[in-house]
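Observations on the three-dimensional arrangement
The primary structure of each chain is shown beneath.
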Amino acid sequence: MAVKDGVLISSTEENIGKKDLAWSYAQVCLKSDIYPGGICWLKGHRNDVSYQLLNFAVEKLGLTFDGTPHLKDKIRHCWNQWRQEDTLVIISDARDYQSVRDYLPPSNRQFKVLITTKDMYIRTWEEADFSLLRVRPLTYEDEDKVVSSSERARDFSRLLGLGVFFLAINTISLVGS
């Protein structure tokens, strides 16, 4: 899997654990200090992604936006003033690409983006340069495939540029596109 602008985690099924996978991944990274620039979690299903981002920047990073009246300028200022260290940005339950496109960080090595969405919204993400990771429930027939899932988990970790190995066993199967 090649590194792209980010990773899109998707599933055809409701409540399968996409958000839990992202949350667990963030917790592992937080404990291991993999992202010294921070981990920013935004709720994509809400209409205030820009407010969430700016609020995070003010509260957690101490940024100010005095003299920056326009929203797009504030967003650009936010990403430009972010600590120059590896940073994870997670947007959970994003409905479509257009609703979050203007709030994504610039494409560079500093920012790793992880987005969860439902398969029904996948078509809206075609113009984005994201790697797709589909998840599905494990079945009894999948027991023999756990090794394959482990390899996919390593791919997932490599995709985000990590040396850390991450796998959620017994809840989901990682299936690369």
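Only a predicted model underlies this, so the values are computations on that prediction, with no experimental measurement involved. (Residues numbered from 1 in each chain as written. Predicted model: local features only at pLDDT ≥ 70, side-chain atom pairs only at ≥ 80, totals over all residues. Heavy atoms only, no water.)

**Describing the environment of Cys 29**
Its place among the elements puts Cys 29 in helix H1 (residues 18-32). Each C-alpha atom, one on Cys 29 and one on Leu 88, is 9.0 Å from the other, the two residues being 59 residues apart in sequence. (Helix = DSSP H or I, 4+ residues; strand = E, 2+ residues; numbered from the N terminus.)

**Points about the pairing of strand E3 (residues 87-92)**
Taken across its 6 residues, E3 has 6 buried, putting it largely inside the fold. In E3, alternate side chains face the same way, and those of Thr 87, Val 89 and Ile 91 on one face and Leu 88, Ile 90 and Ser 92 on the other are all buried. (Buried < 20%, exposed > 50% of the residue type's maximum accessible area, 1.4 Å probe, protein only.)

**Here we look at the nonpolar core**
In this structure, Leu 53, Cys 78, Trp 82, Ile 91, Ile 115 and Trp 125 are the most contacted members of the largest nonpolar core, which totals 31 residues. Elements that contribute at least two residues to this core include exactly strand E2 (39-43), helix H2 (49-61), helix H3 (71-81), E3, helix H4 (97-100), strand E4 (111-118) and strand E5 (130-136). Here this core takes 6 residues from H2, the largest share from any one element. In this structure, Leu 53 is in contact with Cys 40, Leu 42, Ile 75, Cys 78, Trp 79, Trp 82 and Tyr 103, ignoring residues within four places of it in sequence. Grouped together as the second largest cluster of nonpolar side chains are 14 residues, Tyr 25, Ile 34, Leu 88 and Leu 133 included. (Core = buried A, V, L, I, M, F, W, Y, C linked by side-chain atoms within 4.5 Å. Contact = heavy atoms within 4.5 Å.)

**Describing the side chain of Thr 87**
You can see Thr 87 is positioned in strand E3. By relative accessible area, which is 0% here, Thr 87 ends up buried. Separated by 3.3 Å, the side chains of Thr 87 and Trp 82 make a polar contact. When residues no more than four places from it in sequence are discounted, the contact partners of Thr 87 are Tyr 35, Gly 37, Gly 38, Trp 82, Gln 110, Phe 111 and Lys 112. (Polar contact = N/O pair within 3.5 Å; in protein donor to acceptor, adjacent residues only side chain to side chain.)

**A look at unusual backbone geometry**
You will see that Asp 33, though not glycine, has its phi angle at about 55°, which is positive. Mapped onto the fold, Asp 33 is located in the loop between H1 and E2.

**Observations concerning the pattern of salt bridges**
Opposite charge on two side chains allows them to pair when their charged atoms are near. Applying the stated criterion across every chain, the model contains 6 salt bridges. Notably, a salt bridge pairs Asp 48 with Arg 46, separated by 2.7 Å at the nearest N-O pair. With a shortest N-O distance of 2.7 Å, Arg 76 and Asp 73 are connected by a salt bridge. Of this pair, Arg 76 and Asp 73 both sit in helix H3, 3 residues apart, roughly one helical turn. Its relative accessible area of 48% is what places Arg 76 among the partly exposed residues. Under the relative-accessibility criterion, Asp 73 is labelled partly exposed at 29%. Look at the salt bridges and you will find they share partners, linking Asp 93, Arg 95 and Lys 118 into a network. (Salt bridge = Lys/Arg side-chain N within 4 Å of Asp/Glu carboxyl O.)

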